[in-house]
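Residues per chain, in single letters:
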Amino acid sequence: MTEEARATCERNGHAPGAGGESEVDLRRVGIDPDFWYPVARSAHLRRNKVRAASFAGQRIALYRTAGGTAYALEDRCAHRQVPLSLGVVDGETLRCCYHAWAYRGNGRISQIPYLPKGAERPPRGVRAYPVRERYGLVFVFPGDPARAEDQPLPVLPEADSPQHRTMMFSRTVRCHYSFLHENLLDMNHQFLHRGILGRIQPKLLGYDTGPRSVEARYLFVPSGGRKDRGAGLLSAEGVGGASTPDVVTIRTEYPYQTLQTVPESSDTAAFSLWAAYVPEDVEQRVSRVFGLLMIAKPVVPGALHLAWPLIRRFTERIFAQDRMAVEAEQRAWDEQGADRNQEVFPLILDVRKVLRANGMSIRPASAADGCPDADLCVDTRRKASRRD
């Protein structure tokens with residue numbers, strides 16, 4: 001492909017494929033809203049309180065009633081468009097901070113305090129999002145609400161198991177969600193973590209791919225160097241740090257991602273990770289990472305409790321390095337205006353195909369995208385043409 005042709009592709013939001021053909025730039029593909037996405041920790045949404053959240057530019061006001069029920073509304077008062085997340089919870093309703101208009105959990109206006117007697121309330125309120133709580137997280141369904149009942153929440157048996165303890169993460173990362181999928185799946189980047197994990201030789205044992213998933217299996221073989229103490233405790237090596245090989249299985253099952261580590265000498269996973277990458281802004285260049293690290297409890301009572309601070313420190317150090325790398329990738333994309341990656345790993349080329357095929361076009365939010373009946377509104381971006 002000539003430089004002129006490459007430039008034309010990039011201006012049109014395409015990138016040259018491996019054979020020189022034009023394909024959609026993955027970093028311009030939006031995530032499908034027709035899934036359940038975590039937007040907050042349940043513990044952070046207290047009774048009689050409201051907090052702001054977002055999904056791909058959709059501003060959401062979460063509130064919890066005195067009875068403990070959580071609701072999610074469009075974060076704009078129908079009156080003057082002031083954020084409802086600045087409001088107050090009043091019984092089962094949410095009142096705007098400006099003129100005290102009150103909204104039910106279904107988005108309908110329940111009261112306008114100064115409405116003249118005999119006058120009718122405005123016929124439309126604000127959009128309401130389906131809400132569910134599980135695993136200590138508040139999930140919303142930002143897509144077509146008619147599909148919410150048929151779309152299951154992630155199934156994480158370890159998170160409900162008394163034989164496991166779960167560590168929760170919630171961090172903002174300034175990159176497109178696809179960089180995060182690639183980072184976890186491509187374990188060839190262990191050089192990045194050499195100061196924490198020591199020297200690791202990851203060997204790809206094989207991988208499988210389907211229309212909505214990619215699963216890779218690696219053998220992690222330690223080959224020297226100093227390892228963070230928390231890494232050994234997390235891998236069930238004990239205080240002495242036996243430093244044995246691990247079989248690591250990583251799966252992108254659109255739109256979520258999981259990782260499981262099983263010591264080569266065991267049939268039981270030492271830990272499992274579930275992660276969701278939730279775009280926050282309209283252009284989907286900033287993601288909120290929600291992670292659940294489910295760690296098997298050792299036979300010695302209380303041992304995991306003692307190891308917990310070291311494991312937390314280790315995971316935070318690893319995450320910080322990964323965040324540095326993926327944010328650097330996003331900055332390069334922003335500077336170059338296109339994806340100029342020279343990828344050679346077939347596994348990553350396959351996961352990119354999965355993310356493209358299941359994603360949607362990104363379209364800036366505008367007044368023209370609004371729905372005339374807000375509480376029944378479906379995000380119009382999901383109606384955009386899907387990428388092949």
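See the structure shown above.
On a predicted model such as this, the values are computed, not experimentally measured, just so you know. (Residues numbered from 1 in each chain as written. Predicted model: local features only at pLDDT ≥ 70, side-chain atom pairs only at ≥ 80, totals over all residues. Heavy atoms only, no water.)

**So, the packing of helix α2 (residues 177–185) against helix α5 (residues 303–336)**
We count it as follows: Whenever a helix is involved, its axis is fitted only over the stretch in contact; in every case the axis is a line through C-alpha atoms, and angles between N-to-C directions fall within 0 to 180 degrees. Working definition: helices are DSSP H or I runs of at least four residues, strands are E runs of at least two. Numbering for both runs from the N terminus. The labels follow the angle: roughly parallel below 35 degrees, roughly antiparallel above 145, roughly perpendicular from 65 to 115, and oblique for the rest. Each crossing gets its handedness from the near helix: less than a right angle anticlockwise from the far helix is left-handed, clockwise is right-handed. Contacts: residue pairs with any heavy atoms within 4.5 Å of one another. Here the nonpolar group is Ala, Val, Leu, Ile, Met, Phe, Trp, Tyr, Cys and Pro; Asp, Glu, Lys and Arg are the charged ones; every other residue, Gly included, is treated as polar.
Direction vectors running N to C along α2 and α5 enclose 135 degrees, while the axes themselves pass 10 Å from each other. By the angle between their axes, α2 is oblique relative to α5. Where α2 crosses over α5, the two elements pack in a sense that is right-handed. On α5, the residues that touch Phe179, Leu180 and Asn183 of α2 are Asp322, Val326, Glu329 and Gln330. Tallied by class, the residues present in the contact of α2 with α5 amount to three nonpolar, two polar and two charged.

**Section: the pairing of strand β13 (residues 131–134)**
Regular strands have side chains that alternate between both faces of the sheet. Stated precisely, the cut-off is as follows: Between any two strands, pairing holds if DSSP finds at least two bridges.
Sheet analysis places β13 next to strand β14 (residues 137–140), joined by four bridges and oriented antiparallel. Within β14, the residue paired with Arg134 across the bridge is Leu137. Between the end of β13 and the start of β14, which pair antiparallel, lie two residues, with Tyr135 showing a positive phi angle near 60 degrees.

**Things to note about the nonpolar core**
Put simply, the test is: Only buried Ala, Val, Leu, Ile, Met, Phe, Trp, Tyr and Cys residues count toward a nonpolar core, and they belong to the same one when joined by side-chain atoms within 4.5 Å. Only protein chains enter the calculation, and the probe is 1.4 Å; a residue is then buried if its accessible area is under 20% of its type maximum, exposed if over 50%, and partly exposed in between.
Counting residues in hydrophobic clusters, the biggest one holds 80 residues, and the most contacted among them are Leu62 and Trp274. When near neighbours in sequence (up to four residues on either side) are disregarded, Trp274 contacts Pro38, Leu137, Phe139, Pro154, Leu156, Tyr256, Gln257, Thr258, Phe290, Gly291, Leu292 and Met294. Counting residues in each nonpolar core, the second largest holds 15 residues, with Val89, Leu94, Ile112 and Ala128 among its members.

**Looking at the side chain of Gln190**
Summarising the element assignment, Gln190 is placed in the loop between α2 and α3 (194–197). If sequence neighbours within four positions are ignored, Gln190 has contacts with Leu197, Ile200, Pro202 and Phe220.

**Focus: the packing of aromatic side chains**
Convention followed: Geometry of aromatic contacts follows a simple scheme: Phe, Tyr and Trp rings, the Trp one being its six-membered ring, pair when their centres are within 6.5 Å, and the pair is stacked under 30 degrees between planes, edge-to-face over 60, tilted otherwise. The criterion is that NZ of a Lys, or CZ of an Arg, lies within 6 Å of the ring centre and within 35 degrees of the ring normal, and then a charge sits over that ring.
Tallying each qualifying case throughout the model produces seven aromatic pairs. Their ring planes at 55 degrees and their centres at 6.3 Å tell us that Phe139 and Trp274 sit as a pair that is tilted. Of the two residues, Phe139 is situated in strand β14 and Trp274 in strand β20 (residues 271–279); the sequence distance between them amounts to 135 residues. When the ring centre of Phe179 is taken as reference, the NZ or CZ atom of Arg27 above it lies at 3.9 Å. Sitting over the face of the ring of Trp308, Arg165 holds its NZ or CZ atom 3.8 Å from the ring centroid.

**Notes on α5**
To keep things clear, this is the line we draw: In this scheme, a helix's expected span is set at 1.5 Å multiplied by one less than its residue total. To get the bend at any residue, fit one axis to the seven residues that end at it and another to the seven that begin at it, then take the angle between the two axes.
For α5, built from 34 residues, the straight-helix expectation of 50 Å at 1.5 Å per residue is met to within 8% by its first-to-last C-alpha distance of 49 Å. At Pro309, α5 shows its strongest bend, of approximately 40 degrees. Lining the buried residues of α5 we find β15 (164–173), α2, α3, α4 (229–234) and β21 (287–296). One or two positions beyond α5, positive phi appears at Gly337, with a value near 75 degrees.

**A word on the sheet that holds β13**
Taken in spatial order, the three strands line up as β4-β14-β13 in an open sheet, and their pairing is antiparallel. Lying at the two open borders of the sheet, with one neighbouring strand each, are β4 (37–41) and β13. On average, adjacent strands in this sheet sit at an angle of 35 degrees to one another, irrespective of strand direction.

**A short note on helix α6 (residues 346–358)**
For α6, with 13 residues, the first-to-last C-alpha span of 19 Å sits near the 18 Å given by 1.5 Å per residue. What α6 keeps buried is the set Leu347, Ile348, Asp350, Val351, Arg352, Val354, Leu355, Arg356 and Asn358.

**Comments concerning unusual backbone geometry**
With an omega of 0 degrees, the peptide bond running from Tyr254 to Pro255 counts as cis. For Pro255, the position within the fold is in the loop between β18 (246–253) and β19 (256–263). Located in the positive-phi region is Asn48, a residue other than glycine, with phi close to 65 degrees. Here Asn48 lies in the loop between β4 and β5 (49–55). Here Ala56, not a glycine, exhibits a phi torsion of approximately 50 degrees, which is positive. Among the secondary structure elements, Ala56 is positioned in the loop between β5 and β6 (58–64).

**Notes on the sheet that holds β6**
Strand order across the open sheet formed by four strands is β5-β6-β7-β12, with antiparallel pairing between neighbours. Edge positions in the sheet fall to β5 and β12 (128–129), since each of these pairs with one other strand and no more. Pairing analysis gives seven bridges linking β5 to β6, with the strands arranged antiparallel. When the sheet's bridge partners are listed, Ala52 is paired in β6 with Ala61.

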